[in-house]
Amino acid sequence: MALAYDPLFITSDKTAMDVPSTPPPMNLTQDDLKRIAAYKAVDFVRSGMVLGLGTGSTARHAVDRIGELLRQGKLSDIVGIPTSKKTQEQALSLGIPLSDLDAHPVIDLSIDGADEVDPRLNLVKGRGGSLLREKMIEGASKKFVVIVDESKMVKHIGGSGMALPVEVVPFCWKFTAEKLREVMEGYGGCEAKLRLGGEKGKAFVTDNGNYIVDMYLEKDMGDLWAVSDAILRLPGVVEHGMFLDMASTVIIAGELGVKIKNKHGSCCC
Ligand SMILES: O=C[C@H](O)[C@H](O)[C@H](O)COP(=O)(O)O
């Protein structure tokens, strides 16, 4: 039996129902799923809120939607706190009033994408390079809603086989990358590579003028808090892309509908 796709079909953890996995009801692109998750998150936005505006191809849809609702007069008195220069530009182009953490040290709600989400709602972020500002802003938020398509769900952090980013100061980055590799020997090992992407194959430079060392993990790291502490003790490290125990809610868009997972198991709809 073919199922009609219903973006409002929502399951919480407790009520998740078994649905036939084949055939898929519609050919939704990954970008369609990102937009569906983003729009669902924007349903939580209320007039008068101070909002953390995330970065990346998923968060971009949320920022667009907030701009659209402001333009239509369905939202008002919003203050956006952008997590990157790119999001700042996008928000300005949409007419979203902006501020920063100095003026608004407490944020009502942040909405952002993620690169990986584990079963405890721990995240990997920063494959777009914005992890430091994201962590500062999302860490200052009363509520942090993460929006992903189902491809981002992993059994354990690092499980996608893609990078765990670490922002480092440019000064002697090779030394810091080697220290990171050594530290990670105690947690399953990793390959540590400087992220390229700047002009003429140069290093990628973050909004804060730093570099990114991408760690490719060889195994499940185990105790993520221990790994976090060990990484942050290295003097050349600015921040890493593990967002532990920070997400209040994760909205996951899949071909069969939207699922919402909450930190405390309840449904936030
Ligand atoms: O630095 C980038 C951010 O952490 C993004 O939120 C993350 O990489 C997810 O991006 P996307 O929605 O493009 O997959």
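Residues numbered from 1 in each chain as written. Predicted model: local features only at pLDDT ≥ 70, side-chain atom pairs only at ≥ 80, totals over all residues.

- The name an unreviewed UniProt entry gives the protein chain is ribose-5-phosphate isomerase, with Raphanus sativus as the organism.
- Taken verbatim from the UniProt record of the protein chain, the Pathway (unreviewed entry) comment is "Carbohydrate degradation; pentose phosphate pathway; D-ribose 5-phosphate from D-ribulose 5-phosphate (non-oxidative stage): step 1/1."
- Under the UniProt heading Sequence similarities (unreviewed entry), the entry covering the protein chain gives this text: "Belongs to the ribose 5-phosphate isomerase family." (UniProt positions renumbered as here; feature names shortened; annotations may be inferred.)

## Some details on helix α1 (residues 30-42)
Step number 1: Relative to the 18 Å expected for 13 residues at 1.5 Å per residue, α1 spans 19 Å between its end C-alpha atoms, a close match to the ideal helical length.
Step number 2: For α1, the secondary structure elements touched by its buried residues are α2 (59-71), β4 (107-112), β7 (141-149), β13 (249-254) and β14 (257-262). (Helix = DSSP H or I, 4+ residues; strand = E, 2+ residues; numbered from the N terminus. Expected span 1.5 Å × (residues − 1). Contact = placed C-beta atoms within 7 Å.)

## A word on the nonpolar core
Step number 1: Counting residues in each nonpolar core, the largest one holds 63 residues, and the members touching the most others are Ala-37, Ile-66, Val-146, Ile-147, Met-215 and Ile-251.
Step number 2: Looking at this core element by element, the count peaks at six residues for α1.
Step number 3: Two domains each provide a minimum of three residues to this core, namely domain 1 (10-152 + 245-262) and domain 2 (164-240).
Step number 4: Residue contacts for Ala-37: discarding those within four places in its chain leaves Thr-58, Ile-147, Val-148, Asp-149, Ile-251, Ile-252, Ala-253 and Val-258. (Core = buried A, V, L, I, M, F, W, Y, C linked by C-beta atoms within 7 Å. Buried ≥ 20, exposed ≤ 12 C-beta atoms within 10 Å, placed from the backbone. Domains from an automatic or database assignment.)

## Examining the domain arrangement of the protein chain
Step number 1: We note that the domain assignment places domain 1 (10-152 + 245-262) and domain 2 (164-240) within the protein chain.
Step number 2: Placing a centre on the C-alpha atoms of domain 1 and another on those of domain 2 gives a separation of 25 Å.
Step number 3: Opposite the 12 residues of domain 1 that make contact, domain 2 presents 11 residues.
Step number 4: Among the elements that make up the side of domain 1 that touches domain 2, the one with the highest residue count is helix α4 (residues 131-139) (four residues).
Step number 5: Residues that form the side of domain 1 that touches domain 2 fall into these classes: three nonpolar, five polar and four charged. (Nonpolar A, V, L, I, M, F, W, Y, C, P; charged D, E, K, R; others polar.)

## What to know about the sheet that holds strand β12 (residues 242-243)
Step number 1: Spatial ordering of the open sheet is given by β5-β6-β12, a layout of three strands whose pairing is antiparallel. Each edge of the open sheet is held by one strand with a lone partner, namely β5 (116-117) and β12.
Step number 2: Note that β5 and strand β6 (residues 123-124) share two bridges and pair antiparallel. Across the sheet, the residue bridging to Glu-116 is Val-124, located in β6. (Pairing = 2+ DSSP bridges.)

## A short note on the site of the ligand
Step number 1: Among the 18 residues in the neighbourhood of the ligand, the closest are listed as Gly-56, Ser-57, Thr-58, Gly-113 and Gly-128.
Step number 2: The class makeup of the residues in the shell around the ligand is three nonpolar, 10 polar and five charged. (Near = placed C-beta within 6 Å.)

## Describing the confidence of the model for the protein chain
Step number 1: Mean pLDDT for the protein chain: 90, with 89% of residues reaching 70 or above.
Step number 2: When the criterion is pLDDT under 50, residues 1-24 qualifies, and its contacts beyond four places in sequence or with other chains add up to 30 contacts.
Step number 3: Interface scoring of the predicted complex returns ipTM 0.98; its pTM is 0.90. (pLDDT = per-residue confidence, 0-100.)

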